[in-house]
Amino acid sequence: MYPFLRMSWQMSRARRAPPLGLWDTHESTHLCWPWDLDIWAELNNGRTLTLFDLGRLPMARRIGMIDLLKPRKWGMAVAGASVRYRRRVHAFYRLTQRTRCVGFDDRFLYLEQAMWRSDGACANHGLIRMAVTGPDGIVAPARVAEALGHTGPSPALPDWVRAWAEADNTRPWPPMQG
């Protein structure tokens, strides 16, 4: 089940936090609950993506994105993700999550997210490709950035982000059947 109460709590905290700029880092804290675990008593890989939601949407609130969506009939959609899992997370581990926008291309915003255990070890690291969608399809990220107060081009995407995006663009769509 989706953690609606946890999301409400994170969004409430984001509403009270100072605003952020588009390129600033949002930091949030989370606790790994027993229902977040897989059969090996570690944070479930799918739940990791859900916890990334708990960082990404409050960040969107703090940068002003949430306020842009409804009047323009825009929405946000994850259009791709790549996650590295490096350290185990067990029940009741406290995690600090850092979320930031690293840049955009002609179709997508690229967000970097990572969760850090209280012992200082990075547990996982995600790259999220996000689309802002509107009634006519994908909204150009430059238009979104401008609505958020950023003028000019995107900062240069880091090499590893650009390489991932280029590699993902070579994947066939729709995928093979059988």
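These figures come from a predicted structure and were not determined experimentally.

## Concerning the nonpolar core
Phase 1 of the analysis: Ranked by size, the top nonpolar core spans 31 residues in total, and within it I63, M65, W74, L109, V132, V144 and L148 carry the most contacts.
Phase 2 of the analysis: Those elements that place two or more of their residues in this core are α1 (4–16), α2 (45–63), α3 (65–72), β3 (94–104), β4 (109–117), β5 (122–134) and α4 (141–147).
Phase 3 of the analysis: Top element by residues in this core is α2. It accounts for six residues.
Phase 4 of the analysis: Sequence-distant contacts of I63, that is, excluding residues within four places in its chain, are made with L20, G21, L22 and L148.
Phase 5 of the analysis: Core analysis: the second largest hydrophobic core is formed by nine residues, L127, A131, W164 and A165 among them.

## With respect to the packing of α2 against α3
Phase 1 of the analysis: For the pair α2 and α3, interaxial distance at closest approach is 5 Å and the crossing angle is 85°. When the interaxial angle is binned, α2 and α3 end up roughly perpendicular. Contacts from L57, A60, R61 and I63 in α2 reach M65, I66 and D67 in α3.
Phase 2 of the analysis: Along the lines of polarity and charge, the residues of the contact of α2 with α3 split into five nonpolar, no polar and two charged.

## Notes on unusual backbone geometry
Phase 1 of the analysis: Along the chain, W173 connects to P174 via a cis peptide bond; the corresponding omega equals 0°.
Phase 2 of the analysis: Position of P174 among the secondary structure elements: in the segment after α5 (159–169).
Phase 3 of the analysis: Of note in this structure, A41 is not a glycine but carries a positive phi near 65°.
Phase 4 of the analysis: Mapped onto the elements of the fold, A41 is located in the loop between β1 (25–31) and α2.
Phase 5 of the analysis: The exposure class of A41 is partly exposed, given its relative accessible area of 39%.
Phase 6 of the analysis: The backbone of F92 sits at a positive phi, close to 70°, despite the residue not being glycine.
Phase 7 of the analysis: Relative to the helices and strands, F92 is located in the loop between β2 (75–85) and β3.

## As for α2
Think of an α-helix as 3.6 residues a turn; residues three or four steps apart then line up on the same face.
Phase 1 of the analysis: For α2, which comprises 19 residues, the first-to-last C-alpha distance of 27 Å matches the rise-based estimate of 27 Å (1.5 Å per residue) to within 8%.
Phase 2 of the analysis: Within α2, 15 of the 19 residues are buried, which leaves the element mostly enclosed by the surrounding structure.
Phase 3 of the analysis: For α2, the capping residue at the N-terminal end is N44, with a side-chain oxygen 2.6 Å from the backbone nitrogen of G46.

## Focus on α1
Phase 1 of the analysis: In this model α1 runs 19 Å from its N-terminal to its C-terminal C-alpha over 13 residues, within 8% of the 18 Å that 1.5 Å per residue would give.
Phase 2 of the analysis: Its buried side turned inward, α1 meets β1, α2 and α3.

## Remarks on the pattern of salt bridges
Phase 1 of the analysis: According to the stated counting rule, one finds twelve salt bridges in the structure shown.
Phase 2 of the analysis: Where R162 meets D159, a salt bridge forms, and the shortest distance between an N and an O atom there is 2.6 Å. Taken together, the residues R162 and D159, both in helix α5 and three residues apart, mark about one turn of the helix.
Phase 3 of the analysis: Using a relative accessible area of 56% as the deciding quantity, one classes D159 as exposed.
Phase 4 of the analysis: Put simply, R6, D36 and R47 are held in one network by salt bridges that share partners.

So, how was this worked out
Residues numbered from 1 in each chain as written. Predicted model: local features only at pLDDT ≥ 70, side-chain atom pairs only at ≥ 80, totals over all residues. Heavy atoms only, no water. Core = buried A, V, L, I, M, F, W, Y, C linked by side-chain atoms within 4.5 Å. Buried < 20%, exposed > 50% of the residue type's maximum accessible area, 1.4 Å probe, protein only. Helix = DSSP H or I, 4+ residues; strand = E, 2+ residues; numbered from the N terminus. Contact = heavy atoms within 4.5 Å. Axes fitted to C-alpha atoms, helices over the stretch in contact; angles between N-to-C directions. Parallel < 35°, antiparallel > 145°, perpendicular 65-115°, else oblique. Nonpolar A, V, L, I, M, F, W, Y, C, P; charged D, E, K, R; others polar. Expected span 1.5 Å × (residues − 1). Polar contact = N/O pair within 3.5 Å; in protein donor to acceptor, adjacent residues only side chain to side chain. Salt bridge = Lys/Arg side-chain N within 4 Å of Asp/Glu carboxyl O.

In short, geometric facts, not functional conclusions.
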